[in-house]
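# A look at the structure
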Amino acid sequence: MQWRALVLGLVLLRLGLHAVLWLVFGLGPSMGFYQRFPLSFGFQRLRAPDGPESPALGPAGRPGPPGGPSGPSWLQPPVSGAAAAAGRRRAPRRPEPGVCGPAHWGYVLGCRGRDRDEYEKRYSGAFPPQLRAQMRDLARGMFVFGYDNYMAHAFPQDELNPIHCRGRGPDRGDPSNLNINDVLGNYSLTLVDALDTLAIMGNSSEFQKAVKLVIDTVSFDKDSTVQVFEATIRVLGSLLSAHRIITDSKQPFGDMTIKDYDNELLHMAHDLAVRLLPAFENTKTGIPYPRVNLKTGVPPDSNNETCTAGAGSLLVEFGILSRLLGDSTFEWVARRAVKALWNLRSNDTGLLGNVVNIQTGRWVGKQSGLGAGLDSFYEYLLKSYILFGEKEDLEMFNAAYRSIQNYLRRGREACNEGEGDPPLYVNVNMFSGQLMNTWIDSLQAFFPGLQVLIGDVEDAICLHAFYYAIWKRYGALPERYNWQLQAPDVLFYPLRPELVESTYLLYQATKNPFYLHVGMDILQSLEKYTKVKCGYATLHHVIDKSKEDRMESFFLSETCKYLYLLFDEENPVHKSGTKYMFTTEGHIVSVDKHLRESPWKEFFSEDGGQDQEGKSVHRPKSPELKVINSSSNCNRVPDERRYSLPLKSIYMRQIDQMVGLI
């Protein structure tokens, strides 16, 4: 009986200790999120989306005492004014040496105090040339495996089903299947989308063969209803990129010329764009319809609602086409749509929503964030300026970037020091700036790359580390991730390129081999979890790694391309002396004076223009804004004194502290 009494005493003692910890420190057992974040991230207090705060929760979900922990700063409105200044004046709280502490991304996503020696051993060392060549060849082999299988089993259809080794086209039996029909137009999409990747990899014979196939077999005179945005970025953009590669007198990628080439790809691009123009007609705002039928125009039952990114991310491709043809029509309609959306932004916050009615101009979706529905709108404000030099584009981008920093960015001011949580960009109500939900989506991973283009490298490093830490956890990036619950909300991964793109651009900006290690991790994950019999398949579930039988065209046009360029230091993109920029679909465009000159310059001038009905109007000058960074060479290494530092630079230390995952 004595041993039973002893056991009972020990049990009661343990329960007593738990009770003390629970009452004094809030460290007792709990459900889900609290269990993972015992110190800094116990979300006992949560502001409901656009609603009042919930009371602080104590044990078993009961209301806790007043004045309890208020939760992480991501859930709190941004601090401004004197309070923000006071916060900046506080001495920063630096982490203990060698430990991934509670202020670091690595701790948030699983490090939890782990010693960083093993991490530093893996990530801080130089990346040997032999390993880089091996990874470059692996990236090329990944593209070749997917491309060859598409040509063998799917061409001339739009996409490859890599599990069953067959082709996929539009879903004629179900016109409402927009996931397929918005993208697939029965025009050999994967082949068209991959053209410039073939050139960048130096495969001149296959590039020339592919171009001839496109010229001979692809037609846009099809009874296909497609999304204007997808047709523009995937098809129109690729045709223009390949045309410029063929006609480039320098031929930096090798001999990519086509015998007897008579601008056929440019003519095809023109034909496609003309078929997309009806989307811009009969809208009271100038914002285009989301879809058109390539043969008949806007469908009679067309939706009057469109997303901001879909309507406002056409200017790069339409502008290039206009300037190559000397016809202002395409640039004008795309620019009119951008300005119409811009004029609908909130007067209070300067933010835009994600879904708008094209007839009334009313916001249907009031969420403002950096992911789906808005991502490429911001991207193309900056890239349009880089290509065309229109000052108004840069002014809009700078104003938008300030609003993003003021209302979407949460957490402490500095990336890796100070009080509070690491920075994160959240989804808010466009009018109030109040938090709408606690998830981010994978498309937002493009934003660090955009920040590189404007010179905000430190913030880019910090945000990239967050997405990479998620990748490290799952071996992929879930489509939607709930940062409060620390779990995916939407579990599939369709081989998206955004994290790879930002990794590549950050490496070009910092030359830090950490990003080569990141690229190697991504390559190995793709090989391990997505490779199937005839290509690479979408992950249906990032946790159990089940697959869907689809390989989207952007896997070859973007994901493989950025991985290859990351490891190919001697590529002409980096060494030819030509300045290049990538479209939102990863198509390469040389930045030159030709695109910055247009015979209709005054048409878009500050003192004149046309209103939405085509009447001549006087437009007042926009206020003078400070240029953040107008560099047009995304592969140029910025000021070497700042970014090309030794491995143990401030940026390496930030990454050590934020990721901290083995």
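Being a predicted model, the structure only gives us computed values, none of them experimental. (Residues numbered from 1 in each chain as written. Predicted model: local features only at pLDDT ≥ 70, side-chain atom pairs only at ≥ 80, totals over all residues. Heavy atoms only, no water.)

### A few points about the packing of helix H21 (residues 514-529) against helix H22 (residues 554-567)
Rules: For helices, the fitted line uses only the C-alpha atoms of the stretch in contact; every axis is such a line through C-alpha atoms, and the angle between N-to-C directions lies from 0 to 180 degrees. Secondary structure follows DSSP: runs of H or I at least 4 residues long count as helices, runs of E at least 2 residues long count as strands, and numbering of each begins at the N terminus. Put simply, angles under 35 degrees are roughly parallel, angles over 145 are roughly antiparallel, angles from 65 to 115 are roughly perpendicular, and the rest are oblique. In this scheme, a crossing is called left-handed if the near helix is turned counterclockwise away from the far one by less than a right angle; it is called right-handed if the turn is clockwise. Contact definition: two residues touch when any of their heavy atoms are within 4.5 Å. Residue classes follow a fixed rule: Ala, Val, Leu, Ile, Met, Phe, Trp, Tyr, Cys and Pro count as nonpolar, while Asp, Glu, Lys and Arg count as charged, and any other residue, Gly among them, counts as polar.
Running from amino to carboxyl end, H21 crosses H22 at an angle of 140°, the nearest separation of the two axes being 9 Å. One element, H21, and the other, H22, form an angle in the oblique class. For the pair H21 and H22, the crossing hand works out as left-handed. Side by side, H21 and H22 meet where Tyr-515, Leu-516, Gly-519, Met-520, Ile-522, Leu-523 and Leu-526 of the first sit next to Phe-555, Thr-559, Leu-563, Leu-566 and Phe-567 of the second. For the contact of H21 with H22, the per-class residue count stands at 10 nonpolar, 2 polar and no charged.

### Considering the sheet that holds strand S12 (residues 439-441)
Adjacent strands of a sheet pair through backbone hydrogen bonds, lying either parallel or antiparallel. Definition in use: Note: two strands are recorded as paired if DSSP finds a minimum of 2 bridges between them.
The strand order across the open sheet formed by 3 strands is S12-S13-S14, and the pairing between neighbours is antiparallel. Each end of this open sheet is capped by a strand with a single partner; those strands are S12 and strand S14 (487-490). Strand-to-strand twist of the sheet, defined as the mean angle between neighbouring strand axes without regard to direction, takes the value 35°. Across 3 bridges, the pairing between S12 and strand S13 (residues 480-482) is antiparallel. Bridge assignment links Asp-441 to a residue of S13, and that residue is Arg-480.

### A look at helix H18 (residues 447-454)
For clarity, the cut-off: The cut-offs for exposure are 20% and 50% of the maximum accessible area for each residue type, with area from a 1.4 Å probe on protein chains only; residues under the lower value are buried, those over the upper are exposed, and the others partly exposed.
Burial analysis of H18 places 8 of its 8 residues in the buried class, which makes it a mostly covered element. Buried residues in H18 make contact with helix H16 (375-388), helix H17 (391-408), strand S10 (424-425), helix H19 (457-474) and helix H20 (498-510). With its phi angle positive at about 90°, Gly-455 sits one or two positions after the end of H18.

### Some points on the sheet that holds strand S5 (residues 305-307)
One open sheet holds the 3 strands; their spatial order is S5-S6-S7, and the pairing between them is antiparallel. Only two strands of the sheet have a single partner each, and these edge strands are S5 and strand S7 (363-365). Adjacent strand axes in the sheet meet at a mean angle of 35°, parallel and antiparallel pairs treated alike. As judged from the 2 bridges shared by strand S6 (residues 355-357) and S7, these two strands associate in the antiparallel manner. Its bridge partner lying in S7, Val-355 is registered against Gly-365.

### Overview of the UniProt feature "binding site: Ca(2+)" (unreviewed entry) in the protein
Selection rule: UniProt positions are given in the numbering used here, feature names are shortened, and annotations may be inferred rather than shown by experiment. Within 3.5 Å is the distance limit for a polar contact, defined as a pair of N or O atoms, with the added protein rule that one can donate a hydrogen and the other accept it, and that residues adjacent in sequence qualify only through two side-chain atoms.
When the UniProt feature table is mapped onto this chain numbering, "binding site: Ca(2+)" (unreviewed entry) sits at Thr-584. In this structure Thr-584 comes out as buried when scored by relative accessible area, which is 15%. Setting aside chain neighbours within four positions, we find Thr-584 in contact with Ile-233, Ser-376, Glu-379, Tyr-380 and Glu-558. Among the polar contacts made by the side chain of Thr-584, one reaches the side chain of Glu-379 at a distance of 2.8 Å.

### Comments concerning the environment of Ala-340
You can see Ala-340 is positioned in helix H15 (residues 329-342). Ala-340 sits in the buried class, given a relative accessible area of 5%. Each C-alpha atom of the pair Ala-340 and Thr-285 lies 6.5 Å from the other, and the pair is 55 residues apart in sequence.

### Quick look at unusual backbone geometry
Of the consecutive residues Phe-155 and Pro-156, the connecting peptide bond is found in the cis state with omega at 10°. Tracing the sequence through the fold places Pro-156 in the loop between helix H6 (129-153) and strand S1 (159-161). Its identity is not glycine, yet Cys-165 carries a phi of approximately 55°, on the positive side. Within the secondary structure layout, Cys-165 lies in the loop between S1 and strand S2 (166-168). In this model, Lys-545 sits at a positive phi of 65°, which is unusual for a non-glycine residue. Tracing the chain through its elements places Lys-545 in the loop between strand S17 (538-539) and strand S18 (547-548). The buried category is assigned to Lys-545, whose relative accessible area is 17%.

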